[in-house]
Amino acid sequence: AQAQRRPSIGYAYPAGGQQATTVQVRLGGQDMDDVSAVVVSGSGVTTSIVEYLRRLNNQEIQLLNEQLKELKRAPTAAAPLPPSAPTQENSAELGTTTGDGKNPPGAVHKIAAAQLIERIERRTREWVQTPACASIAALVIVNLTIAPDAALGARELRLVTARGVSNPLVFHVGQLPEYTRQPMPTAQLQVLGKEAAALRKRPAGEVEDRIALPCTVNGQTASGEVNRYRFAATKGQRLVLSTQARQLIPYIADAVPGWFQPVLALYDAQGKEVAFADDYRFKPDPVIFFQVPEGGDYVAAIYDSIYRG
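I will try to describe carefully the structure that is included in this document. (Residues numbered from 1 in each chain as written. Predicted model: local features only at pLDDT ≥ 70, side-chain atom pairs only at ≥ 80, totals over all residues. Heavy atoms only, no water.)

## Concerning the overall build of the protein
Selection rule: Numbering of helices and strands runs from the N terminus, with a helix taken as a DSSP run of H or I at least four residues long and a strand as a DSSP run of E at least two residues long. Exposure classes here rest on a 1.4 Å probe applied to the protein chains alone. A residue is buried below 20% of its type maximum, exposed above 50%, and partly exposed in between. Any two residues whose heavy atoms approach within 4.5 Å are treated as being in contact. In these tables, accessible area is a Shrake-Rupley quantity obtained with a 1.4 Å probe, and a residue counts as shielded only by the protein chains included in the view.
When helices and strands are tallied, the protein shows two helices and 18 strands. A buried classification covers 34% of the 309 residues belonging to the protein. Put simply, 71% of the contacts in the protein that link residues at least 6 apart link residues at least 24 apart. Carbon and sulfur atoms make up 53% of the accessible area of the protein, which totals about 17,800 Å².

## Re the pairing of strand 16 (residues 273-277)
To keep it simple, the criterion reads: Strand pairing follows a simple DSSP-based rule, namely that at least 2 bridges must link the two strands.
In terms of strand pairing, strand 15 (residues 262-267) meets strand 16 through four bridges, oriented antiparallel. Pairing of Tyr267 across the sheet is with Glu273, part of strand 16. The turn joining strand 15 and strand 16, which pair antiparallel and follow one another in sequence, is formed by five residues; a positive phi near 85 degrees is taken by Gly271.

## What to know about the sheet that holds strand 15
Rules: Comment: axis = line fitted to C-alpha atoms, over the contacting stretch for helices; angle = value between 0 and 180 degrees taken between N-to-C directions.
With mixed pairing, the five strands of this open sheet are ordered in space as 11-13-18-15-16. This sheet does not close on itself; its edge strands, each paired only once, are strand 11 (208-210) and strand 16. With direction set aside, neighbouring strand axes in the sheet form an average angle of 20 degrees. Pairing of strand 11 with strand 13 (residues 227-233) involves three bridges; the strand directions are parallel. By the bridge assignment for strand 13, Asp209 is matched with Tyr229.

## Overview of the side chain of Gln261
Counting through the fold element by element, Gln261 comes out in the loop between strand 14 (238-242) and strand 15. The exposure class of Gln261 is buried, given its relative accessible area of 18%. Once you skip the residues sitting within four places of it in the chain, Gln261 turns out to touch Arg246, Asp278, Pro284, Tyr303, Asp304, Ser305 and Arg308.

## A few points about helix 1 (residues 58-73)
Threshold: Multiply 1.5 Å by the residue count of a helix minus one, and that product is the helix's expected span. By arc we mean the arc of the directions from the helix axis to the C-beta atoms, nothing more. Polar contacts, as used here, are pairs of N or O atoms within 3.5 Å; protein pairs need one atom able to donate a hydrogen and one able to accept it. Residues neighboring in sequence count only if both atoms are side-chain atoms.
Between its first and last C-alpha, helix 1 extends 23 Å over 16 residues, near the 22 Å set by a 1.5 Å rise per residue. Within the sequence span of helix 1, burial applies to Ile61, Leu64, Leu68 and Leu71. All buried residues of helix 1 project into a common sector of 80 degrees when viewed along the axis, lining one side. Every exposed residue of helix 1 that faces more than 90 degrees away from the buried side is listed here: Gln59, Lys69 and Arg73. Taking the backbone nitrogen of Gln59 as reference, a side-chain oxygen 3.2 Å away marks Asn57 as the first, capping residue of helix 1.

## Let's talk about the sheet that holds strand 6 (residues 138-146)
One open sheet holds the four strands; their spatial order is 1-3-6-5, and the pairing between them is antiparallel. Lying at the two open borders of the sheet, with one neighbouring strand each, are strand 1 (8-13) and strand 5 (45-53). Within this sheet the neighbouring strands show an average axis-to-axis angle of 30 degrees, counted without direction. Two strands pair when backbone bridges link them, and strand 3 (residues 22-30) and strand 6 are joined in this way by eight bridges, in the antiparallel orientation. In the strand pairing of strand 6, Leu27 is matched with Val140.

## Some thoughts on the environment of Tyr229
Along the chain, the position of Tyr229 falls in strand 13. Here the alpha-carbon distance between Tyr229 and Ile302, two residues 73 residues apart in the chain, equals 8.8 Å. If we skip the residues at most four places from it in the chain, Tyr229 touches Arg181, Asp209, Ile211, Val217, Asn218, Gly219, Tyr298, Val299, Ala300 and Ile302. Separated by 3.1 Å, the side chains of Tyr229 and Arg181 make a polar contact.

## Comments concerning the environment of Arg308
You can see Arg308 is positioned in the segment after strand 18 (296-304). Assessed through its relative accessible area of 17%, Arg308 is described here as buried. It is 6.2 Å that separates the C-alpha atoms of Arg308 and Gly224, two residues lying 84 residues apart in sequence. A polar atom in the side chain of Arg308 sits 2.9 Å from the side chain of Asp304.

Encoded structure:
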């Protein structure tokens, strides 16, 4: 029993949620097979496991691609379903019932085939043969429901498996509205001299987000990227921009270099830098205090000091 590898989680995204909301959190780690529960310290937060996506090998991904081809060739394959596609239990919502209220022959099979096609396509689309960091390549997706009266502040989040309980990660319960960027796919390992081939092809719509203050923003930064947030401010308004990066995840063992050194910058509507910070006193996570000289749009940008992912 002592020789068994315990589950390990390297990050939680997003790392927090607002009171009276349900947040879907992606936990990246390894050795999370047979996950049975998610434990959050304190009261007011209930959890449920949505899906476990372990790291697939080359043979498994080849079999999935072959199965996908067979499903698309089959006569029962249906067109792609909308995001709110019904399951077998509520398939009558599609309007595919007969006069006696029953599903016609093959209707349920078409729905099941379409759902399976969509699931396999999503699985193969996110697959990376050589991930940049193997220790966070497996994913557990969980739902956290936060009660309106849940105590504010940091909690400990852990996974429970048959081989033991994982290490804790920080999950913050807040009261401000939260903005969360789309989760990034697993990053590819960069090869010396061919680093550009491993860079993420980020959609143009994910470069800058529009937010309203006050709020909490959640984001991930890939190699070479800068995340920008545009907001409106009034003259004389006092702003506090505070980051939590190294406070959330101090170190990931086999990542290079293993930590994130955030840099925070503030720009006015003309693109002129009006504030900058790369730390705060003895803490590596920067904080900016800024009094707005003129009303208008401002952009906050966060990135790694040497543009690591």
